[in-house]
2 protein chains.
Amino acid sequence: MENSGEYKELLVIFKKIAYLKSTSRLLSWDQETFMPERGQEHRAGQMSCISGLVHSMLTERRVGESIEALWQEARNMDISSDCHVNLREWRRQYQQAARLPEELVRDLAYSRAVAHSAWVKARSRKDFSMFEPHLQRLVDLSRKKADLLGYKQEPYDALLDIYEPGEKTSNIEAIFRGLVPGLREILHHVQSIQPQQPLCFQAAFPVEAQKILARLMAARIGFDFTKGRVDTVVHPFSTRIGPGDVRITSRWNERDFTEGLFGVLHEAGHGLYSQNLPAGRFGTPLGDSVSLGIHESQSRLWENIVGRSIEFWEYFFPLAKSLFPGQLQGVSQQDFVRFINRVRPSFIRVEADEVTYNLHIYLRFQIEREIIMGELPVKDIPGRWNELFREIFGMEVPDDSMGCLQDVHWSGAAFGYFPTYTLGNIYSAMIFDAALKELPGLRQGFRKGNFEPLVRWLDTRIFSQGQRYRSRQLIKRITGRPPEHHSFLAYLHEKYERIFGR
Amino acid sequence: MENSGEYKELLVIFKKIAYLKSTSRLLSWDQETFMPERGQEHRAGQMSCISGLVHSMLTERRVGESIEALWQEARNMDISSDCHVNLREWRRQYQQAARLPEELVRDLAYSRAVAHSAWVKARSRKDFSMFEPHLQRLVDLSRKKADLLGYKQEPYDALLDIYEPGEKTSNIEAIFRGLVPGLREILHHVQSIQPQQPLCFQAAFPVEAQKILARLMAARIGFDFTKGRVDTVVHPFSTRIGPGDVRITSRWNERDFTEGLFGVLHEAGHGLYSQNLPAGRFGTPLGDSVSLGIHESQSRLWENIVGRSIEFWEYFFPLAKSLFPGQLQGVSQQDFVRFINRVRPSFIRVEADEVTYNLHIYLRFQIEREIIMGELPVKDIPGRWNELFREIFGMEVPDDSMGCLQDVHWSGAAFGYFPTYTLGNIYSAMIFDAALKELPGLRQGFRKGNFEPLVRWLDTRIFSQGQRYRSRQLIKRITGRPPEHHSFLAYLHEKYERIFGR
């Protein structure tokens with residue numbers, strides 16, 4: 001099949017599409033970093049022009065016909081063979097695009113833009129009612145979208161599948177069923193063993209010194225600055241413009257150095273994956289990342305499992321001390337590691353520790369699913385949020401800006417996105433377990449700042465594979481088990497025992 | 001015609017093309033400013049994908065047919081009517097694209113890329129022979145290109161027309177015939193009246209302070225930082241991403257502050273034009289700039305006529321003194337103005353003063369024309385260059401890096417570009433003359449840092465007109481005369497008398 005003209009033509013078309021999409025990513029990156037403020041309107045025009053071109057190239061009838069014709073042959077091939085993989089993923093992309101009428105796509109894009117501004121305002125005024133009609137519109141359109149995309153069990157499946165191809169709502173539900181009680185148990189335990197009067201820094205941590213340490217950490221774990229850069233933004237993200245060009249971003253807080261340092265480690269985790277995808281496969285599924293969940297497993301692996309470990313700071317704490325001699329005076333390495341691992345329930349997801357984080361996600365998953373099923377009216381979201389929050393955390397949400405208005409996702413109609421955060425977390429623990437089994441000296445290496453064996457191991461198992469396997473398959477190949485919550489709970493349990501146990 | 005479906009369709013197609021081209025400009029800007037070094041290969045792929053799309057959209061048969069059909073009607077309309085202008089310029093774009101076979105375009109792009117690297121090496125080794133075969137290839141392709149584009153009198157016309165639509169080689173020749181002897185006369189005169197021992201700064205001028213002054217000057221003349229930005233690059237340029245987004249660049253030299261300061265003023269001149277093109281007309285010729293020559297008239301107007309004037313520094317010198325108190329201690333305003341206006345023949349064009357600059361262009365114009373006519377073999381360029389340099393400047397070129405290898409243009413096959421620099425200079429003097437006649441208090445305003453009347457005047461005559469008129473027509477409308485050299489010579493004469501005269 002590799003030598004058929006039809007297949008080669010698809011390679012050419014999808015490479016063009018990939019170049020356009022990568023150009024779109026540069027437009028977004030620039031918008032968040034350096035674009036002059038009044039460039040906004042023109043930027044929207046550029047982006048909609050390019051996404052229109054991508055859509056029309058992708059949904060050309062000839063493309064669909066070629067894909068279907070070749071798929072008849074490829075579907076019977078080895079499921080990890082290049083042709084099978086490329087056609088499987090091209091077919092998915094084609095179907096996702098072809099099933100959505102242009103009108104709906106435009107309508108969603110427009111409603112999202114309007115809803116986003118309304119959300120910003122509503123959040124600052126702590127007034128859900130200002131956002132409600134916009135959210136209602138996005139929910140209506142998203143439910144329509146789910147119907148058009150199609151699903152077997154429930155409409156939420158169709159939306160989840162956009163972010164985590166092949167994943168099912170019922171699987172997510174099963175994971176939370178085990179995860180949530182386990183997390184609550186760990187939460188109570190850690191609260192009982194961690195210091196009741198935790199460390200508290202009075203002095204500011206100069207942003208310039210934070211940037212140096214963060215860049216050093218990123219470079220040390222393998223982020224290649226000849227193929228990437230770090231910039232400052234309001235809402236951090238990472239993006240792969242293409243092979244050899246991966247950009248991560250962060251924000252900085254003089255009063256809380258964990259924001260910038262762990263933010264960079266998180267994004268550098270994404271960046272490592274992006275920088276090591278097979279460059280020669282650019283423009284084909286074999287050169288692309290698997291899913292948001294797998295991507296998040298990489299960011300959380302480096303941010304939390306590696307980056308908040310005792311061993312990691314054995315190497316970096318002396319460096320941190322030389323950059324913040326006054327601020328860290330009299331602070332022991334143990335106190336420092338305890339500080340960056342302190343656990344406490346909070347209202348805001350992005351400030352949550354490793355234990356409570358997934359409880360926040362669970363709440364959102366519940367609500368999203370009820371909304372998309374049509375069981376929960378949009379107007380009842382604040383009440384339902386606060387009720388669930390009370391149930392899970394035992395705390396009263398003071399207002400909607402600390403509650404259902406805190407996240408940007410719904411204003412972008414990104415229903416189905418949140419569960420990929422939890423998938424990322426549980427994948428990360430499973431992956432690290434597998435790595436530890438095969439490379440028992442890993443943690444010893446971290447003490448000396450040696451992260452290369454882990455990167456090389458991840459490269460073989462994940463980075464170099466592109467989209468050869470869907471996430472569930474990939475995790476099973478690497479760990480021998482399907483995605484499950486036990487590894488993550490065991491990881492947390494062991495970690496906090498080591499850090500806070502007596 | 002405005003309401004015909006065919007015309008509206010062309011508006012849509014050309015707007016798409018404009019968005020793609022503007023995206024390409026962001027890709028270039030990013031490449032020169034922030035792109036990681038190993039992003040180069042992917043960037044080349046993105047740019048060639050987009051230029052391929054533009055080419056295929058522009059040369060679609062249906063586009064050509066619509067343009068020809070509508071042109072039959074539009075050609076008889078008032079030449080400054082919207083429909084006439086748009087169709088005239090669309091037709092020119094279509095023809096330029098359609099006349100060049102894709103193979104030639106690709107061949108040129110490839111040969112340019114190869115030649116550029118060879119030129120960089122050849123220049124650093126001061127060895128023309130390393131560049132010669134590459135230049136030969138570019139010359140061959142450019143002559144072919146000229147033949148395909150078509151011309152009435154000589155092939156150089158076809159190339160010149162790319163950069164200065166409608167301009168003719170014979171006009172350029174006529175301008176130089178008057179300009180060159182006049183410049184040589186002024187050169188001798190200024191050399192006799194300027195101080196023989198000019199000011200010489202020992203202290204460095206910190207780059208950060210230079211940047212502040214440069215940005216202040218740019219903002220004061222009207223460059224709007226909510227619609228633009230200034231960045232640092234190796235080879236300065238300015239680019240209009242789109243309405244509301246105009247980016248200028250500069251380089252900085254601690255030992256020579258004139259490079260950065262006048263570099264920013266120059267680019268801010270381009271930027272003022274770009275920021276004030278009619279935003280609502282984006283994507284049509286009426287929203288675009290006239291030509292390289294008219295663009296250069298704006299940069300040179302602000303850099304030289306305004307920026308190196310006595311009045312300009314009456315306002316800015318005290319500010320400069322507060323930013324460089326030590327460096328400018330004991331330096332009088334008169335000495336400073338004399339310093340930034342010193343005249344001396346030099347080998348390098350980009351370092352040339354206002355008098356000798358156009359002599360450098362004259363030399364290049366002569367050689368380009370002889371090459372494109374086939375009169376001068378490529379291998380004889382160094383000899384011819386040095387011979388002409390001796391004739392014009394009376395100086396011996398020490399080596400090719402100071403001679404025919406100094407400019408980037410030929411390595412990019414940009415034959416026909418150089419004359420637009422001289423056109424820009426003579427336009428700038430004519431335009432400023434006209435402005436002075438209509439706004440006699442202009443110079444008085446400069447003394448107080450008031451540049452708004454000039455900007456408003458330029459806006460009415462030039463910025464707001466887009467491509468309504470070709471350059472020759474536009475100059476005639478503004479000044480009452482076709483492009484000529486007298487105004488420029490008179491401007492120089494008067495300026496140096498005022499600055500150096502006793």
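Since the model is a prediction, treat every value here as computed from it, not as a measurement.

Asks: Which residues make up the overall build of chain A, and what values do they have?
Replies: Looking only at helices and strands, chain A has 20 helices and three strands in total. For chain A, the spread of C-alpha atoms along the three principal axes comes to 70 × 50 × 45 Å. Here the contacts in chain A between residues at least 6 apart in sequence split such that 71% fall between residues at least 24 apart.

Asks: Requested: an account of the relation of the copies chain B and chain A, with residues and values cited.
Replies: Mapping chain B onto chain A calls for a screw motion: a turn of 180° about the axis and a shift of 0.0 Å along it, with 0.0 Å RMSD after fitting. On this basis, the relationship between the two copies can be described by a two-fold rotation axis. For chain B, the smallest separation between a C-alpha atom and the rotation axis is recorded for Thr 23 of chain B, amounting to 3.9 Å. Of the interface residues in chain B, 100% have counterparts in chain A that sit at the interface too, so the contact is made through matching surfaces.

Asks: Could you give an account of the environment of Gly 287 of chain A, naming the residues involved and the relevant values?
Replies: Within the fold, Gly 287 of chain A resides in the loop between α10 (257-276) and α11 (292-306). Residues contacting Gly 287 of chain A, with those up to four places away along its chain left out, are Leu 277, Pro 278, Arg 281, Phe 282 and Gly 466 of chain A.

Asks: Mind laying out the domain arrangement of chain A, listing which residues take part and the relevant values?
Replies: Accessible area lost upon the coming together of the parts is a frequently used measure of interface size. Residue and element names in this part refer to chain A. The domain boundaries assigned to chain A delineate domain 1 (1-98) and domain 2 (207-343 + 420-500). Of note, the centres of domain 1 and domain 2, computed from C-alpha atoms alone, are 29 Å apart. When contributions to the side of domain 1 that touches domain 2 are tallied by element, the ones reaching two or more residues are α1 (5-33) and α4 (82-98). If you tally residues by element for the side of domain 1 that touches domain 2, the top one is α1, at eleven residues. Partitioned by chemical class, the residues of the side of domain 1 that touches domain 2 number seven nonpolar, five polar and five charged.

Asks: How would you summarise the packing of helix α5 (residues 102-125) of chain B against helix α6 (residues 132-149) of chain B if you had to cite specific residues and measurements?
Replies: Residue and element names in this part refer to chain B. Running from N to C, α5 and α6 point in directions that differ by 155°, and their axes come no closer than 9 Å. In terms of orientation, α5 and α6 fall into the roughly antiparallel class. Viewed along their axes, α5 and α6 form a crossing whose handedness is left-handed. Note on element contacts: α6 touches α5 through His 134, Leu 135, Arg 137, Leu 138, Leu 141, Lys 144 and Lys 145, opposite Leu 104, Asp 107, Leu 108, Ser 111, Arg 112, Val 114, Ala 115 and Ala 118.

Asks: A description of unusual backbone geometry should follow, citing residues and the corresponding values.
Replies: Residues and elements named next belong to chain A. Residue Ala 413 is not a glycine yet carries a positive backbone phi of 55°. Positionally, Ala 413 belongs in the loop between α15 (381-393) and α16 (419-438). Judged by the 23 C-beta atoms lying within 10 Å of it, Ala 413 is buried.

Asks: Tell me about the packing of α16 of chain A against helix α20 (residues 486-500) of chain A, residues and numbers included.
Replies: Residue and element names in this part refer to chain A. Relative to each other, α16 and α20 sit at 75°, their axes nearing to 8 Å. Relative to α20, α16 is oriented roughly perpendicular. For the pair α16 and α20, contact is made by Asn 425, Ile 426, Ala 429, Met 430 and Asp 433 and by Ser 487, Phe 488 and Tyr 491, respectively. For the contact of α16 with α20, the residue count by class is five nonpolar, two polar and one charged.

Asks: Account for the sheet that holds strand β3 (residues 245-250) of chain B, with residues named and values stated.
Replies: All names here are of chain B. Reading across from one edge, β1-β3-β2 is the order of the three strands in this open sheet, with mixed pairing throughout. At either margin of the open sheet sits one strand with a lone partner, and together these are β1 (228-232) and β2 (238-242). Strand after strand, the sheet turns through a mean of 20° between neighbouring axes, direction not considered. The strands that helix α10 (residues 257-276) touches are β1, β2 and β3; relative to β3, the one it contacts most, it runs at about 165°.

Asks: Account for the sheet that holds strand β2 (residues 238-242) of chain A, naming residues and giving values.
Replies: Residue and element names in this part refer to chain A. With mixed pairing, three strands are arranged side by side in an open sheet as β1-β3-β2. What marks the edges here is a single partner per strand, and that holds for β1 (228-232) and β2. Across this sheet, the average inter-strand angle for adjacent strands is 20°, counted without regard to direction. The pairing of β1 with strand β3 (residues 245-250) spans five bridges and is parallel. Bridge pairing in β3 links Thr 232 to Ser 250.

Asks: Give me the lowdown on the pairing of β3 of chain B, citing residues and values where you can.
Replies: Residue and element names in this part refer to chain B. Burial runs high along β3: six of the six residues are buried. Of the two faces of β3, the one lined by Asp 245, Arg 247 and Thr 249 and the one lined by Val 246, Ile 248 and Ser 250 are each fully buried. The hairpin turn running from β2 into β3, its antiparallel successor, is two residues long, and Gly 244 in that turn takes a positive phi close to 80°.

Asks: Help me get a handle on the pairing of β2 of chain A, residues and values and all.
Replies: Each regular strand carries side chains that alternate between the two faces of the sheet. Residues and elements named next belong to chain A. The buried fraction of β2 amounts to four of the five residues, a majority that puts the element mostly inside the structure. Pairing of β2 with β3, which is carried by four bridges, proceeds in the antiparallel orientation. Bridging from a neighbouring strand, Thr 239 pairs with Arg 247 of β3.

Asks: Explain the interface of chain B and chain A to me, using residue names and the numbers behind them.
Replies: Counting residues at the interface gives 29 residues for chain B and 29 residues for chain A. Listing elements by their share of the side of chain B that touches chain A, those giving two or more residues are α1 (5-33), α2 (40-58), β1 and β2 of chain B. Split by residue class, the side of chain B that touches chain A holds eleven nonpolar, ten polar and eight charged.

Asks: Quick one: what's the story with helix α12 (residues 310-323) of chain B, residue by residue and with numbers?
Replies: Residue and element names in this part refer to chain B. Compared with an ideal rise of 1.5 Å per residue, which puts 14 residues at 20 Å, α12 spans 19 Å between its outermost C-alpha atoms and is within 8% of the ideal. The largest bend along α12 reaches roughly 45° and is located at Phe 316, with the proline Pro 318 sitting one to four residues downstream. Taken residue by residue, α12 has Phe 312, Trp 313, Phe 316 and Ala 320 as its buried positions.

Asks: If you had to explain helix α7 (residues 155-163) of chain A to someone new, which residues and values would you point to?
Replies: Residues and elements named next belong to chain A. Burial of α7 is extensive: seven of the nine residues sit out of reach of the surface. Buried within α7 we find Pro 155, Tyr 156, Asp 157, Ala 158, Leu 159, Leu 160 and Asp 161. The elements touched by buried residues of α7 are α6 (132-149), α8 (169-193), α14 (357-373) and α16.

Asks: Got a sec to walk through the environment of Tyr 163 of chain A? Specific residues and values, please.
Replies: Residue and element names in this part refer to chain A. Structurally, Tyr 163 is set in helix α7. C-beta crowding within 10 Å serves as the criterion here: with 19 such atoms nearby, Tyr 163 is assigned to the partly exposed category. In sequence terms Tyr 163 and Ser 250 are 87 residues apart; their C-alpha atoms lie 23 Å from each other. Ignoring anything within four residues of it in the chain, the contact list for Tyr 163 reads Ser 291, Leu 292, Gly 416, Tyr 417 and Thr 420.

Thresholds applied
- Residues numbered from 1 in each chain as written.
- Chains lettered and ligands numbered in written order.
- Predicted model: local features only at pLDDT ≥ 70, side-chain atom pairs only at ≥ 80, totals over all residues.
- Helix = DSSP H or I, 4+ residues; strand = E, 2+ residues; numbered from the N terminus.
- Contact = placed C-beta atoms within 7 Å.
- Least-squares fit on C-alpha atoms with pLDDT ≥ 70 in both.
- Domains from an automatic or database assignment.
- Nonpolar A, V, L, I, M, F, W, Y, C, P; charged D, E, K, R; others polar.
- Axes fitted to C-alpha atoms, helices over the stretch in contact; angles between N-to-C directions.
- Parallel < 35°, antiparallel > 145°, perpendicular 65-115°, else oblique.
- Left-handed = near helix turned anticlockwise from the far one by under 90°.
- Buried ≥ 20, exposed ≤ 12 C-beta atoms within 10 Å, placed from the backbone.
- Pairing = 2+ DSSP bridges.
- Expected span 1.5 Å × (residues − 1).
- Bend = angle between axes of the 7 residues up to and from the residue.

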